[in-house]
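Each chain, letter by letter, is given below.
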Amino acid sequence: MDTVPEEMNDWSEMEGFTQESELRGGDGLQQNTQPNFDILSVVCNSEKEAYDIYCRYAHSVGFSVRKDHHCYWPNSRKIRMKDFVCSKAGFKKGLDLNAKSKYRKANTRTGCPAMIRFSVDQDGEWKVNKCVENHNHELARPEDQHLLRSCRNITEERAFVLKSMTDAGIRTIDAFTYLADEVGGREYVGFLRRDAYNFVQRNRRCKIETGDTNSLIEIFKNRANNDNMFAWEVQYDEEDRLMNFFWADGVGRIDYDCFGDVIIFYTSYRLNKYNLACAPFVGVNNHWQNVLLGVAFLSEETVESFTWFFRTFLRVMGGKHPITIFTDQDQAMSQAIQIAFPQTRHRLCQWHIMKKLPSKVHCYNSNNKVRGLIYKCFSKCDSEEEFESTWTEMLNEGDLHSHEWLKELHKIRRKWSTAYNKTCFNLGILSTQRSESTNYVCHGISKPTSTITECFLGLEKVMKTWRRNEKDEDFKCSQSDVVPLVKSSPILRQAARFYSRKLYFFFEEEFLQGVGGMCVAQASTDLSTFFVKTVENIDQPRHWTVNFDDAEGSIECSCGKFGMMGILCSHCLRVIRQIDIINIPPKYLLKRWSGRARKKLYSDRPLSSMVATGSPSDGIGSMISINYFTRFAYQISTRGEGNTEAEQYMIDAMSEIAENVDLILNASKDSNLDTNSSMQTKIKDPIKRRPKGVSNARLKSHWEKRKPKRKKAEEQPTPSTHQPTPVEHSSQVSFANIPEYYASTQQPTPAEPSS
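Residues numbered from 1 in each chain as written. Predicted model: local features only at pLDDT ≥ 70, side-chain atom pairs only at ≥ 80, totals over all residues. Heavy atoms only, no water.

Undergrad: Would you mind going over the overall build of the chain with me for this structure?
TA: When helices and strands are counted, the chain shows 24 helices and 18 strands. Considering the chain as a whole, with its 755 residues, one finds that 45% of them fall into the buried category. Accessible surface, the chain as shown: approximately 41500 Å² in total, 50% of it carbon and sulfur. (Helix = DSSP H or I, 4+ residues; strand = E, 2+ residues; numbered from the N terminus. Buried < 20%, exposed > 50% of the residue type's maximum accessible area, 1.4 Å probe, protein only. Areas by Shrake-Rupley, 256 points an atom, 1.4 Å probe, with all protein chains shown as cover.)

Encoded structure:
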């Protein structure tokens, strides 16, 4: 604001003001309406109070207010006089009122003389010194007064509602409409739709005021302070520009230790304005629900990026390899899995392969027998021999012996056919549909203009929702018992007490199918081998071979369902009923599928056995042992709380333990995990790229499309839309907040050369 000189005591000479308050009609002047209080008798104690009072007066009349000149007491910063004027007071000199410029708002001023002047005494009391009430413009009607600029204000309560609703993924316009409906119309909200959009955008900018990447790193640091098992890592290039980043919280790491035997990995969805690929690791818990084990954002889907991510994930998860990993047919991903997960069975999504069949095999749609044989090769063959004979029959039926695509598909048959994976635990999954459901969720929380910070916060909410659903299911399992369909069956009663609700229904379906839909066709004299067939299709029934060992109490079926999914198949259950076994052998009740799987894994596994059985690649043990240490220390500290002698003893003991652990680890300390220097690195945001098929440009009309395009000048280069390739020796910095005794056992792995 401009300061009025001290020697200018007579303010009546200032341009734009009149000597006395007069009301006139005509000559372009608008006579005001009488407000519901006397503005001249107002006395207040602060500038804010004076401004609010004049605003209420102005709104009741129908005009907007802004602050204007002020002056101070001599040799002081105390205000002596302060003016509040009509928003249309004054002119912007030297500007064309019809010009479209950035001063367009200022050009709407009409030189309105309406104003009020407050004088302030030494005690800080504000009194009205002068008031001009006439206007030279039309006043706002009562139904339009909510549009006045000084009348618009977002209160704290409505700001909280806007922020909460937009953070939850609700559109700003929907949140504004909700507030308008609550108060009975838009004119009573107190602000406009545009004000709501501006408020939301300001909040988003505040989250990334230090840069998108560095704001995300600050969030990671805060999460690590609150969760001692929160791990994260970033990778950037020679220009200190972010390439890839990964994070996993403590719950995700514990989930991986309990349910990380089978994981699904899929990267078909790209997020935000940097066009980063969202790469989540999704598992399946004991309630047959999705669990998010860890997430990475990758700038490029190359062998180097995938290898970095897989090795980082493996190191953070304690070196424990998954049994099976499901992906799509991505060559770079396949090579990276061979490098980082050599002990893991790599399976391909059958849905993606079958989607290509109509375009690759010419007779797939026209020949029903070929289509049926191909489908049988995917999931209906019980042995490798049956697969090979079915494949040969399919080639003969469709005359496809020289088909190159089928030859290549046959070479990788171990990755997609169930016949070659009967002994590999894979939960019976055939596709990456669970990971694609995560991508569907990502589609709801992200837009092409979203920042990576917003994407992380959105995915974090997805994780919280999934975990809340899991807790709800745990509560149902603990509070209610499943009633078996056949209450007199001891096997079903045993299964109802052990399995989670969802897995029990799977087991019950297998049991009823075995008892009611299967029959024993033949059995050996020593009752060690049984041939089970279906009751339906009497002419061509399917046969399965079930081997039973009474001495060891083991049973095995040729279908391999228990080896793949961990529950007994209908054929085994039919044989169990045939030989009058009334209880399921304990070895066939996997703790993974129990109603309280985590509790059983923790309670049934002593700390000494966890440390003793830990392999060299596991460091000191699994993530369960780390969490066990934390809980054990917490219980001891809680027990000694309040006793000064006990507390001092615990402090001395922990200090001694820390010193001894440091001495043990000094020799093998991994320098790559020392993050003291890297914490100070300011990482630049990735290069903004427009994703394929996404355009924010205005749609052209029919006549604009018919106009010929103008050729660009040669000196103006076309901006490149190709993504930069990561440098061969990019800097890699780990910010994972992992305990030293755990991190030091992991050996650094050199970056793989570009393939």
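We are not done yet, so read on.
Undergrad: I keep staring at the sheet that holds strand β16 (residues 543–549) and nothing clicks. Help me out?
TA: Consider a sheet: its strands pair through backbone hydrogen bonds, and that pairing is either parallel or antiparallel. Taken together, 4 strands build an open sheet; the order of strands is β14-β15-β16-β17 and the sheet is antiparallel. A strand with exactly one partner marks an edge of an open sheet, and here the two such strands are β14 (518–523) and β17 (554–557). When the angles between neighbouring strand axes are averaged without regard to direction, this sheet yields 30 degrees. Here 5 bridges tie strand β15 (residues 529–534) to β16, and the two strands are oriented antiparallel to one another. Bridge assignment links T529 to a residue of β16, and that residue is N547. In the packing of helix α16 (residues 501–517) onto the sheet, the strands contacted are β14 and β15, and the crossing angle to β14 comes to about 60 degrees. (Pairing = 2+ DSSP bridges. Axes fitted to C-alpha atoms, helices over the stretch in contact; angles between N-to-C directions. Contact = heavy atoms within 4.5 Å.)

Undergrad: Which parts of the structure should I look at to understand the sheet that holds strand β2 (residues 65–72)?
TA: Taken together, 5 strands build an open sheet; the order of strands is β1-β5-β4-β3-β2 and the sheet is antiparallel. Each edge of the sheet is formed by a strand with only one pairing partner; in this case those strands are β1 (43–44) and β2.

Undergrad: Would you explain the UniProt feature "domain: SWIM-type" (unreviewed entry) in the chain in this entry?
TA: The UniProt record annotates "domain: SWIM-type" (unreviewed entry) at residues 544–580. Taken end to end, residues 544–580 has its terminal C-alpha atoms 20 Å apart, with 38% of it in helix and 27% in strand. (UniProt positions renumbered as here; feature names shortened; annotations may be inferred.)

Undergrad: Hey, could you run me through the packing of helix α7 (residues 303–316) against helix α8 (residues 331–340) in this one?
TA: Axis angle and axis distance: for two packed helices, these are the angle between their axes and the distance between the axes, and together they describe the pair. Running from N to C, α7 and α8 cross one another at 40 degrees; their axes reach a closest spacing of 8 Å. The orientation of α7 with respect to α8, classified from their angle, is oblique. Judged by the twist between their axes, the crossing of α7 over α8 is right-handed. Contacts from V303, F306, T307, F310, R311 and L314 of α7 reach α8 at A332, M333, Q335, A336, I337, I339 and A340. (Parallel < 35°, antiparallel > 145°, perpendicular 65-115°, else oblique. Left-handed = near helix turned anticlockwise from the far one by under 90°.)

Undergrad: Sorry if this is basic, but what is going on with the side chain of H287 here?
TA: With respect to the helices, strands and loops of the structure, H287 is situated in the loop between β10 (276–284) and β11 (290–298). Polar side-chain contacts of H287 include one of 2.5 Å to the side chain of D474. Setting aside its immediate chain neighbours within four residues, H287 contacts E470, E473, D474, C477, S500, K502 and G595. (Polar contact = N/O pair within 3.5 Å; in protein donor to acceptor, adjacent residues only side chain to side chain.)

Undergrad: Is there a simple way to think about helix α10 (residues 368–379) in this case?
TA: Along an α-helix, residues three or four apart share an orientation, since each turn contains 3.6 residues. In this model α10 runs 17 Å from its N-terminal to its C-terminal C-alpha over 12 residues, within 8% of the 16 Å that 1.5 Å per residue would give. Turning to α10, its buried residues are V370, L373, I374, C377 and F378. The arc that holds the buried residues of α10, viewed along the axis, is 145 degrees, so those residues lie on one side. Buried residues belonging to α10 abut α9 (350–360) and α11 (384–398). Among the residues of α10, the N-terminal cap falls to N367, whose side-chain oxygen and the backbone nitrogen of K369 are separated by 3.1 Å. (Expected span 1.5 Å × (residues − 1). Arc of directions from axis to C-beta.)

Undergrad: How should I be thinking about the nonpolar core in this particular structure?
TA: Of all hydrophobic cores here, the largest spans 39 residues; its most connected members are Y499, F507, V546, I555 and L568. Going through the elements one at a time, β8 (262–265), α15 (490–498), α16, β15, β16, β17 and α18 (570–578) are the ones with two or more residues in this core. When residues in this core are grouped by element, the largest group, 5 residues, is from α15. Apart from residues lying up to four places away in sequence, L568 is in contact with E510, I555, F562, L573, I576, I584 and Y588. (Core = buried A, V, L, I, M, F, W, Y, C linked by side-chain atoms within 4.5 Å.)

Undergrad: Would you take a moment to explain the pattern of salt bridges for this structure?
TA: Once the charged atoms of two side chains with opposite charge are near each other, the side chains can pair. Evaluated as defined, the whole model comprises 26 salt bridges. Note that E47 is salt-bridged to K82, the shortest N-O span being 3.6 Å. Of this pair, E47 sits in helix α1 (residues 47–61) while K82 sits in strand β3 (residues 79–86), placing them 35 residues apart in sequence. Here E47 falls in the partly exposed class, since its relative accessible area comes to 23%. Where K221 meets E218, a salt bridge forms, and the shortest distance between an N and an O atom there is 3.6 Å. Taken as a pair, K221 and E218 lie in helix α5 (residues 212–226) at a separation of 3 residues, close to a single helical turn. On the accessibility criterion, K221 (23% relative accessible area) is partly exposed. (Salt bridge = Lys/Arg side-chain N within 4 Å of Asp/Glu carboxyl O.)

Undergrad: Would you take a moment to explain the packing of aromatic side chains for this structure?
TA: Remark: the centre distance and the inter-plane angle together describe each pair of aromatic rings, the angle taken between the planes. For the structure on display, the rule yields 41 aromatic pairs. Consider the rings of Y54 and F63, whose centres lie 6.1 Å apart with planes at 65 degrees: the pair is edge-to-face. Comparing Y54 with F63 shows no difference in burial state: the two are buried. Summarising the aromatic geometry, the rings of F246 and F309 are spaced 5.5 Å apart at their centres and angled 50 degrees between planes, so their arrangement reads as tilted. With a gap of 63 residues between them, F246 in strand β7 (residues 242–248) and F309 in helix α7 connect regions that are remote in the sequence. One exposure class covers both F246 and F309, and it is buried. A connected cluster of aromatic rings, assembled from ring pairs, spans F246, Y256, F265, F281, F306, F309, F310, F313 and F341. (Phe/Tyr/Trp six-rings, centres within 6.5 Å; stacked < 30°, edge-to-face > 60°.)

Undergrad: How should I be thinking about a nonpolar patch on the surface in this particular structure?
TA: On the surface, L485, V486 and L512 cluster together to form a nonpolar patch covering roughly 240 Å² of accessible area. Judged by relative accessible area, L485 falls into the exposed class, the value being 60%. (Patch = residues over 30% accessible without salt bridge, like charges linked within 9 Å, V, L, I, M, F, W, Y side chains within 5 Å.)

Undergrad: In this structure, what is going on with the environment of K422? I would like to understand it.
TA: Its place among the elements puts K422 in the loop between α12 (404–411) and α13 (433–445). Given a relative accessible area of 15%, K422 falls into the buried group. Sequence separation between K422 and M565 is 143 residues; the distance between their C-alpha atoms is 9.7 Å. Those residues in contact with K422 that lie beyond four places of it in its chain are C381, D382, C559, G560, G563 and M564. Engagement of the side chain of K422 in a polar contact is seen with the backbone oxygen of C559, the distance being 3.0 Å.

Undergrad: I would appreciate a short explanation of α9 in the present structure.
TA: For α9, every residue scored as buried is listed here: Q350, H352, I353 and L357. Down the axis of α9, the smallest arc covering the buried residues is 155 degrees, so these residues share one side. Opposite the packed face of α9, turned more than 90 degrees from it, sit the exposed residues K355 and S359.

Undergrad: Where do I start with the environment of K163 in this structure?
TA: Structurally, K163 is set in helix α2 (residues 156–167). Separated by 33 residues in sequence, K163 and A196 have C-alpha atoms that sit 9.7 Å apart. The residues touching K163, leaving out its near neighbours within four places in the chain, are F199 and N203.

Undergrad: I keep staring at unusual backbone geometry and nothing clicks. Help me out?
TA: Note: most peptide bonds trans; most residues except glycine with negative phi. The backbone phi angle of N275 is positive, close to 60 degrees, even though this residue is not glycine. Of note in this structure, L427 is not a glycine but carries a positive phi near 65 degrees. Within the secondary structure, L427 sits in the loop between α12 and α13.

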